[in-house]
Amino acid sequence: MRNVSTGRCRSAIAIVAAGLFAVMASSAAAQSVEEVIAKNIKAQGGREALLGLKAVERKGTVAVDGSFGQMDGTVEEILIPWKKAVRSLDLAVFQQRDGYNGKIAWRDGMMGIQEVEGEEANQIKQSVDVNPFIMIAERGAKAEKLDDEKIEDVDYTIVQLTPKDRPPVKFFLDKETGLVKRTTLKQKSPQFGEVEVVVDLSGYEKFGAVTLPTKNNVTLGEALKIDTVFTETKVDGKVDEAIFEMPKAEAAAN
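Remember, predicted model here, so these are calculated numbers, not experimental data.

**Q** Help me understand empty space enclosed by the protein in this model?
**A** A water-sized probe, rolled over the atoms, reveals where empty space remains. Considering all chains together, one arrives at one cavity of 30 Å³ or more under this definition. By volume, the largest cavity is sized at about 50 Å³. In terms of lining, the largest cavity is formed by Gln31, Val36, Lys39, Thr157, Leu173, Asp174, Lys175 and Gly178. Among the residues forming the lining of the largest cavity, the class breakdown is two nonpolar, three polar and three charged.

**Q** Would you mind going over the pattern of salt bridges with me for this structure?
**A** A pair can form between side chains of opposite charge whenever their charged atoms are brought close. Tallying each qualifying case throughout the model produces 13 salt bridges. Between Arg107 and Asp98 there is a salt bridge; the shortest N-O distance is 2.7 Å. Since its relative accessible area comes to 16%, Arg107 is described here as buried. For the salt bridge of Asp148 with Lys145, the shortest nitrogen-to-oxygen distance reads 3.5 Å. A residue is classified by how much of its surface remains accessible, and Asp148, at 38% relative accessible area, is partly exposed.

**Q** Can you help me understand the nonpolar core in this one?
**A** Nonpolar side chains in soluble globular proteins generally cluster together in the buried interior. Counting 48 residues, the largest nonpolar core has Leu50, Val130, Phe133, Phe171, Leu173, Val180 and Val197 as its most contacted members. Apart from residues no more than four positions distant in its own chain, Val180 is found in contact with Asn40, Pro132, Phe133, Phe171, Phe172, Leu173, Leu201 and Tyr204. Core analysis: the next-biggest nonpolar cluster, separate from the first, contains seven residues, Ile78, Ile80, Val86 and Trp106 among them.

**Q** How should the confidence of the model for the protein be read in this particular structure?
**A** The pLDDT averaged across the protein works out to 87; a share of 85% of its residues lies at or above 70. Taken together, the stretch residues 4-28 has pLDDT below 50 and engages in zero contacts with residues farther than four places along the chain or on a different chain.

**Q** What's the story with the pairing of strand β16 (residues 224-235) in this structure? I'm lost.
**A** Sheet faces and side chains relate simply in a regular strand, where the side chains alternate between the two faces. Pairing between strand β1 (residues 56-66) and β16: eleven bridges, direction antiparallel. In the strand pairing of β16, Thr61 is matched with Val229. When strand β15 (residues 215-220) meets β16, the two strands line up antiparallel, connected through six bridges. Note on β16: the bridge partner recorded for Lys215 is Val229. The antiparallel hairpin formed by β15 and β16 contains three residues in its connecting segment, where Gly221 sits at a positive phi of about 55 degrees.

**Q** Teacher, can you tell me more about unusual backbone geometry here?
**A** Comment: phi is negative for the bulk of residues other than glycine, and the bulk of peptide bonds are trans. Despite not being glycine, Glu152 has its phi angle at roughly 50 degrees, a positive value. Tracing the chain through its elements places Glu152 in the loop between β8 (149-151) and β9 (154-162). Within the chain, Asp236 stands out as a residue other than glycine whose phi angle is a positive 65 degrees.

**Q** In this structure, what is going on with the packing of aromatic side chains? I would like to understand it.
**A** How two aromatic rings sit relative to each other is given by the distance of their centres and the angle of their planes. This model, assessed by the stated rule, comprises two aromatic pairs. Judged by centre distance (6.1 Å) and plane angle (80 degrees), the rings of Tyr156 and Phe172 are edge-to-face. Note that Tyr156 is positioned in strand β9 and Phe172 in strand β10 (residues 169-174), a separation of 16 residues in sequence. On the basis of relative accessible area, Phe172 is assigned to the buried category, the value being 4%. Above the face of the Phe230 ring, Arg58 is positioned so that its terminal group lies 4.3 Å from the ring centre.

**Q** What's the story with the side chain of Thr214 in this structure? I'm lost.
**A** You can see Thr214 is positioned in the loop between β14 (210-212) and β15. You can call Thr214 buried: its relative accessible area is 6%. Among residues more than four places away in sequence, those in contact with Thr214 are Arg58, Ser202, Gly203, Tyr204, Glu205, Phe207, Thr228, Val229 and Phe230.

**Q** In this structure, what is going on with the pairing of strand β5 (residues 105-109)? I would like to understand it.
**A** Summarising burial for β5: four of the five residues are buried, a large majority. The sheet contact formed by strand β4 (residues 95-100) and β5 spans four bridges and is antiparallel. Bridge assignment links Tyr100 to a residue of β5, and that residue is Ala105. In sequence, β4 turns back onto β5 through a hairpin of four residues, with Gly102 there showing a positive phi of about 100 degrees. With five bridges connecting them, β5 and strand β6 (residues 112-116) associate as antiparallel partners. Bridge pairing in β6 links Ala105 to Val116. Counted along the chain from β5 to the antiparallel partner β6, the turn is two residues long.

Criteria and cut-off values
Residues numbered from 1 in each chain as written. Predicted model: local features only at pLDDT ≥ 70, side-chain atom pairs only at ≥ 80, totals over all residues. Heavy atoms only, no water. 1 Å grid on protein atoms, 1.4 Å probe; cavity = no way out; pocket = protein on both sides within 12 Å on 5 of 7 lines; lining within 4 Å. Points joined across faces, edges and corners; volume = space filled by probe spheres on them. Nonpolar A, V, L, I, M, F, W, Y, C, P; charged D, E, K, R; others polar. Salt bridge = Lys/Arg side-chain N within 4 Å of Asp/Glu carboxyl O. Buried < 20%, exposed > 50% of the residue type's maximum accessible area, 1.4 Å probe, protein only. Core = buried A, V, L, I, M, F, W, Y, C linked by side-chain atoms within 4.5 Å. Contact = heavy atoms within 4.5 Å. pLDDT = per-residue confidence, 0-100. Pairing = 2+ DSSP bridges. Helix = DSSP H or I, 4+ residues; strand = E, 2+ residues; numbered from the N terminus. Phe/Tyr/Trp six-rings, centres within 6.5 Å; stacked < 30°, edge-to-face > 60°. Lys NZ or Arg CZ within 6 Å of the ring centre and 35° of its normal.

Structure follows, in structure tokens:
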């Protein structure tokens, strides 16, 4: 009987020990938010390559679907990464150009030429960041790692950024590649009220020394869906920085 009891005791201890080792191994394998961010930056080409980008020029197609029906058109974006951006949207019956010159955000659209403020301005300004994590200190954002999630058999590491002037944004990073595949946030807009904005990123390709997504699908709750496919991308070309300045009324009329 003593031998049986002793054997059972040893088995129980072995099971407990194995469980403890498993917990320790799991803890040791868990990545910190800094490690997750470092993997993402490396996956896009590395900090030096991303910060060294002089310009990014992109052209593509866009499909907009809402309560008004569907509209198809073209989009063009030109960036001085981390500093300035301009985006032109042409849907035939609707044209709009948004810009940020490093100081102010502006829009040339149905309401004429105007300086943009608030959340819409933040959206225009954030377009200069070709990687969401490199400038978090300069942008005054806080990064934290949330619980992992699994969506359609893909494992994601979740990092939440809380900027000083925007709602928190969740980034879904593919555990295998380290690339951002989805972002989500809740925001208020004059047109739709408070909605959840989901952006799905895909079609990553290498351009020069950096890797960028060529497709993004934006969903604003049940109200609006915007699908963009960039068919042309050029990096480090020469850009006339005058295009980032808010146009004058007479120039826009011409």
